[in-house]
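# Fold and geometry: a report
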Amino acid sequence: MIDLGRTPDVIFLHNPEKSLVGIGPTHARDRLDAACAVLNEAVTAGLCASWGISSWDAGPLIQALDGDPFAKALTPEVLMVRAGLTVPSDQLDASERTAERLGIPPNRLWGMSPFGGDAARDVWKKIKAATFLCQDEQGSNVQAVFRASYELPKVTRISVSSGRIDHLRELVAAESLKVDLDQIARYRQLLREKKSHS
Ligand SMILES: NC(=O)c1ccc[n+]([C@@H]2O[C@H](COP(=O)([O-])OP(=O)(O)OC[C@H]3O[C@@H](n4cnc5c(N)ncnc54)[C@H](OP(=O)(O)O)[C@@H]3O)[C@@H](O)[C@H]2O)c1
């Protein structure tokens, strides 16, 4: 076991949706509640300062929560969801609904994996992400992709990985870029229409 030398600020329940598929809604809800209760106890025992849920696909999560609409769920301190331009419409909707259902305030909804794990993928070379920035904003394509990810869904922090300090600097500098929110709204609409025609 590694000694971190301090109590972790947050421990995440990792992708609980994986344990919620293929079972009935009541069972799914019980299973989710049981896992949340264990993390809640970990906070009480002083093992971590808070707990959260990180979810790659919040679809099964919101289904489990809706399985018993009257039961109050234990509220995590943080909900961290997949964010960015490659997140499908139904996953964006599910993340927002899960945050609402759990009573997560806007500053506690965080994002992750803005490049879907690989910033060198062809999709990022083909897309002109600057179209999501306000006119006159100057940034590289990687910066525009990263900055736009904060709006898809709306999150206040993003977990991104890099082994290069210059890459991290580039991302930190991108945080001050202004996003064209009308363009983001049009993009969400486009994603919804694409989904309804597929
Ligand atoms: N719950 C889940 O299922 C799940 C799944 C995936 C990820 N996550 C979370 O999300 C975090 C990040 O996800 P991730 O690492 O999979 O994907 P990511 O952050 O979307 O992408 C990481 C890749 O982007 C590259 N990159 C970063 N900044 C760059 C820049 N300025 N220019 C060029 N390339 C750049 C990195 O390469 P370089 O090293 O060359 O910079 C790295 O290969 C993870 O640490 C984890 O906490 C959770």
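See above for the structure.
Residues numbered from 1 in each chain as written. Predicted model: local features only at pLDDT ≥ 70, side-chain atom pairs only at ≥ 80, totals over all residues. Heavy atoms only, no water.

Let us look at the side chain of Arg29. Tracing the backbone shows Arg29 in helix 1 (residues 25-44). You can call Arg29 buried: its relative accessible area is 2%. A polar contact of 3.3 Å, which involves the side chain of Arg29, links it to the backbone oxygen of Leu65. When neighbours within four sequence positions are excluded, Arg29 is seen to be in contact with Ala64, Leu65, Asp68, Ala71, Lys72, Ala73 and Arg101. (Helix = DSSP H or I, 4+ residues; strand = E, 2+ residues; numbered from the N terminus. Buried < 20%, exposed > 50% of the residue type's maximum accessible area, 1.4 Å probe, protein only. Polar contact = N/O pair within 3.5 Å; in protein donor to acceptor, adjacent residues only side chain to side chain. Contact = heavy atoms within 4.5 Å.)

Counting 45 residues, the largest nonpolar core has Leu32, Ile53, Leu79, Leu85, Leu109 and Phe146 as the members making the most contacts within it. Within the residue set of this core, elements represented by two or more residues are helix 1, strand 2 (50-55), helix 2 (59-67), strand 3 (78-82), helix 3 (89-102), helix 5 (141-149), helix 6 (165-174) and helix 7 (181-196). Aside from chain neighbours lying at most four places away, what touches Leu32 is Leu13, Pro16, Leu20, Leu61, Ala64 and Leu65. (Core = buried A, V, L, I, M, F, W, Y, C linked by side-chain atoms within 4.5 Å.)

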